[in-house]
Amino acid sequence: MGGKVYSEQLMMLLAVLERAALMLMALFLLTRSQRFQQIFQKKDRHPWELILVSLLFVCFAVFSTYTGIHVEGSLVNVCIIAIMSGGLLFGPAVGIPAGIISGIHRYLIDIDGPTSIPCLISSITAGLLSTWMYFRCKREQLWLWGIIGGMLCEGLTMLLIVTLAPQAQVGWNIVSVIAFPMICGTICIGLIVQLVQNLDDEKERIAGQHAKLALDIANRTLPYFRENNRSGLRQVCSIIREHISADAVAMTNTDDVLAYVGHAEADYWQHYHGMSSVTRKALDSGKVIINNGIDYADFHSLMIVPLTENNQVTGTLKIYYCHEGRITDSLKEMAIGLSHVISTQIEAARSDQLKQMAAKAEFSALQNKINPHFLFNSLNAISSLIRLRPEEARQLISNLADFLRYNLKRNEELIDIQEELEQVRDYVAIEKARFGKKLTVTFDVDDVHQKVPGLLLQPLVENAILHGIQPVRGNGEVTIAVKQHADQLLVTVRDTGKGIDEAIIEGLYHGKVPSDHIGLMNVHERVKLLYGHGLTIRRCEPGTEVSFSITQRK
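A. Spatial organisation of the pairing of strand 6 (residues 301-309). In terms of burial, strand 6 is largely enclosed, as eight of its nine residues are buried. Here strand 5 (residues 289-291) runs beside strand 6; their pairing, made up of three bridges, is antiparallel. If you follow Ile-289 over to strand 6, its bridge partner there is Ile-304. Relative to strand 7 (residues 312-321), strand 6 runs antiparallel, the two sharing nine bridges.

B. How the structure looks around the side chain of Thr-252. Its location among the elements puts Thr-252 in strand 3 (residues 248-252). Of the polar contacts made by the side chain of Thr-252, one reaches the side chain of Thr-316; its length is 2.7 Å. Ignoring sequence-local partners within four residues, the contact set of Thr-252 consists of Val-257, Leu-258, Met-275, Thr-279, Thr-314, Gly-315, Thr-316 and Lys-318.

C. Region of the structure containing the side chain of Ser-74. Note that Ser-74 resides in strand 2 (residues 74-76). With near-sequence residues (within four places) excluded, Ser-74 lies in contact with Ile-69, Arg-106, Thr-115, Ile-174 and Ile-178.

D. Fine view of the packing of helix 15 (residues 417-435) against helix 16 (residues 458-469). At a minimum axis separation of 9 Å, helix 15 and helix 16 run at an interaxial angle of 20°. By the criterion of interaxial angle, the relationship of helix 15 to helix 16 is roughly parallel. Note that helix 15 runs across helix 16; the crossing there is right-handed. Facing Glu-420, Val-424, Tyr-427, Val-428, Glu-431, Arg-434 and Phe-435 of helix 15, the residues of helix 16 in contact are Gln-458, Val-461, Glu-462, Ile-465 and Leu-466. Along the lines of polarity and charge, the residues of the contact of helix 15 with helix 16 split into seven nonpolar, one polar and four charged.

E. Molecular detail of the packing of aromatic side chains. Per the counting criterion, the structure on display carries 10 aromatic pairs. Note on Tyr-268 and Tyr-272: the rings are 6.0 Å apart at their centroids and 20° apart in plane angle, and the pair reads as stacked. Members of the aromatic cluster, connected to one another through ring pairs, are Tyr-260, Tyr-268, Trp-269, Tyr-272, Tyr-296, Phe-299 and Tyr-320. The lysine or arginine in question, Arg-425, covers the ring of Phe-443, its NZ or CZ lying 4.4 Å from the ring centre.

F. Summary view of the sheet that holds strand 4 (residues 257-262). Read from one edge to the other, the open sheet built from five strands follows the order 4-3-7-6-5, with strand pairing classed as antiparallel. Lying at the two open borders of the sheet, with one neighbouring strand each, are strand 4 and strand 5. Each strand of the sheet is rotated relative to its neighbour by a mean of 15°, with strand direction disregarded. Lying on the sheet, helix 10 (residues 230-244) is in contact with strand 3, strand 4 and strand 7; it crosses strand 4 at an angle near 40°.

G. Quick look at the state of the cysteines. Applying the stated rule across the entire model yields zero disulfides. Cys-119 provides the cysteine sulfur closest to Cys-79, a residue in no disulfide bond, and the two sulfurs are 7.6 Å apart. Since its relative accessible area comes to 4%, Cys-79 is described here as buried.

H. Geometry of the pattern of salt bridges. All chains considered together, the criterion is met by 12 salt bridges. In this structure, Asp-110 and Arg-106 form a salt bridge, with 3.7 Å as the shortest nitrogen-oxygen distance. The partly exposed category is assigned to Asp-110, whose relative accessible area is 26%. Glu-422 serves as the salt-bridge partner of Arg-425, at 3.3 Å between the closest nitrogen and oxygen.

I. Layout of the nonpolar core. The biggest cluster of nonpolar side chains holds 50 residues, and the ones touching the most others in it are Phe-57, Ile-81, Met-84 and Ile-178. For this core, the element with the most residues is helix 4 (residues 79-90), which contributes nine residues. Residues in contact with Phe-57, not counting those within four places in the same chain, are Leu-27, Ala-82, Ser-85, Gly-86, Phe-90 and Val-94. Judged by nonpolar contacts, the second largest core, of 37 residues, contains Val-424, Leu-457, Ile-469 and Ile-505.

J. Looking closely at unusual backbone geometry. Cis geometry is adopted by the peptide bond preceding Pro-542, which originates at Glu-541 and carries an omega value of 5°. Among the secondary structure elements, Pro-542 is positioned in the loop between strand 13 (536-539) and strand 14 (544-551). The phi dihedral of Ala-297 falls on the positive side, at around 55°, and the residue is not glycine. A positive phi is found at Ala-486, a non-glycine position, where the angle reads about 55°. The topology assignment puts Ala-486 in the loop between strand 11 (476-485) and strand 12 (488-495). You can call Ala-486 exposed: its relative accessible area is 73%.

K. Examining the environment of Ala-61 more closely. When you line up the elements, Ala-61 lands in helix 3 (residues 47-66). Once the C-alpha coordinates of Ala-61 and Gly-103 are considered, the two residues, 42 residues apart in sequence, prove to be 8.9 Å apart. Residues within four places of Ala-61 in sequence aside, it is in contact with Cys-79, Ala-82, Ile-83 and Ser-102.

L. Spatial organisation of the pairing of strand 7. With seven of 10 residues buried, strand 7 lies mostly within the body of the structure. Sheet topology note: the strand 3/strand 7 ladder contains five bridges and is antiparallel. Residue pairing in the sheet places Ala-248 in a bridge with Tyr-320 of strand 7. In textbook terms, the turn of a hairpin is the stretch between consecutive antiparallel strands, and for strand 6 and strand 7 this stretch comprises two residues, one of which, Asn-310, has a positive phi near 55°.

Basis of the calculations
- Residues numbered from 1 in each chain as written.
- Predicted model: local features only at pLDDT ≥ 70, side-chain atom pairs only at ≥ 80, totals over all residues.
- Heavy atoms only, no water.
- Buried < 20%, exposed > 50% of the residue type's maximum accessible area, 1.4 Å probe, protein only.
- Helix = DSSP H or I, 4+ residues; strand = E, 2+ residues; numbered from the N terminus.
- Pairing = 2+ DSSP bridges.
- Polar contact = N/O pair within 3.5 Å; in protein donor to acceptor, adjacent residues only side chain to side chain.
- Contact = heavy atoms within 4.5 Å.
- Axes fitted to C-alpha atoms, helices over the stretch in contact; angles between N-to-C directions.
- Parallel < 35°, antiparallel > 145°, perpendicular 65-115°, else oblique.
- Left-handed = near helix turned anticlockwise from the far one by under 90°.
- Nonpolar A, V, L, I, M, F, W, Y, C, P; charged D, E, K, R; others polar.
- Phe/Tyr/Trp six-rings, centres within 6.5 Å; stacked < 30°, edge-to-face > 60°.
- Lys NZ or Arg CZ within 6 Å of the ring centre and 35° of its normal.
- Disulfide = S-S within 2.5 Å.
- Salt bridge = Lys/Arg side-chain N within 4 Å of Asp/Glu carboxyl O.
- Core = buried A, V, L, I, M, F, W, Y, C linked by side-chain atoms within 4.5 Å.

Such coordinate-based values are descriptive only and should not be taken to indicate function.
Written out as structure tokens, the structure is:
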């Protein structure tokens, strides 16, 4: 006898799970619909959307009553599962109406039945309890509390059946058969809650993937935006195409296609005759244009996304696919996010270019200040030798001519430091002719070939000679050292002369030096512009040491 009861209960449990599975299947199919996906994923829903969802769960609850299994004058159904799921997922606008309407319906179809009033009370209780849990329980634990709440409501139903039954034995007979399948079946509440919540998780996962994809593209394309030429933009299009598996990608400004990469690239340029009307429409409207049925060459899906700078449309990003229907909402959202990143990079690249242009202008102005200063001192040195030592004067003129000739023909802003040292040697030859045995210059140079600006070392050597060695009695020495230390190149000019005043050092760091130290000031500013830090100057005993370091990039 007991085995037969257990068998009946097992069959009823399977029937409950079967009906719950039908509800799960219906919800699953609805979640595949884009419209319902949007409703389920929203946090702030429109009233009519809540009404629609409420009607959906009311229908689930009422339908479960009609499909229930008749046992001893009662119905084994999944009404509580529908009510609890709706309330937990969507709050009072769904849980309470589903509980009240389905409870009243259950009562009306079996007014005199032994379970009609218990089911009415437990249905309303399920709506209220699920609403309370919606506000009080953590989202990630809703599935568990849903199962617990469902079991409590079904347990309340069993208690009310026994309590309110006209005959206690009738109530016990009903409960003994339906309690197990009805209570155990509430585990389906957790499955339904997880199904709908996974939509949000999937949305967040996709959003995270899109953000990562956009960031990866941004990291790889930034160096090419800084180039600001067609070759760089072609590399940008190539990287974007690779990441989104497009058949072709193009970028335009407001007048022309700047880069195209992908399918039939050679034919594209051969047949290109200016901006298309569709691209022009995107530029004029500033809106994304999607066509999943276009018939253009071999392409049948196209998306055009406007690019902006300072809220003005300055170009477009065009994505092509050979097959129809490839432009999905997910790809659209990713492309819009990518367009924002690209627009930001274009603005940043343009800002960098402006800064570089300003730095070049300042660099040029500083260099122009040094050249006349150097020429003035060099010509003075030569003029003092013309009568006394004409051969030396001719040699010095040759040294100066070599120096100036190289300076005039040089197009690059940066030269090999060894070439810069040759210029310094030309200058030193002139100065040694002036000072004779009073001046000794020593070069301690490693075999390095770092690129540096022209006329960077000569003003330092000039300062050491004219302001260090010349004012003192007796002989003096200037040491020019270029030494490699790990990834740092240390350049030092040291003299054994008078020693620089602390006031000049302080003034240099604050941008104020006497006019006779303008060369030192200019080098300090140039080094700061190029390497991010200026000169390091310290007073020695005797003399002065001026140095700066260059970090060598591999």
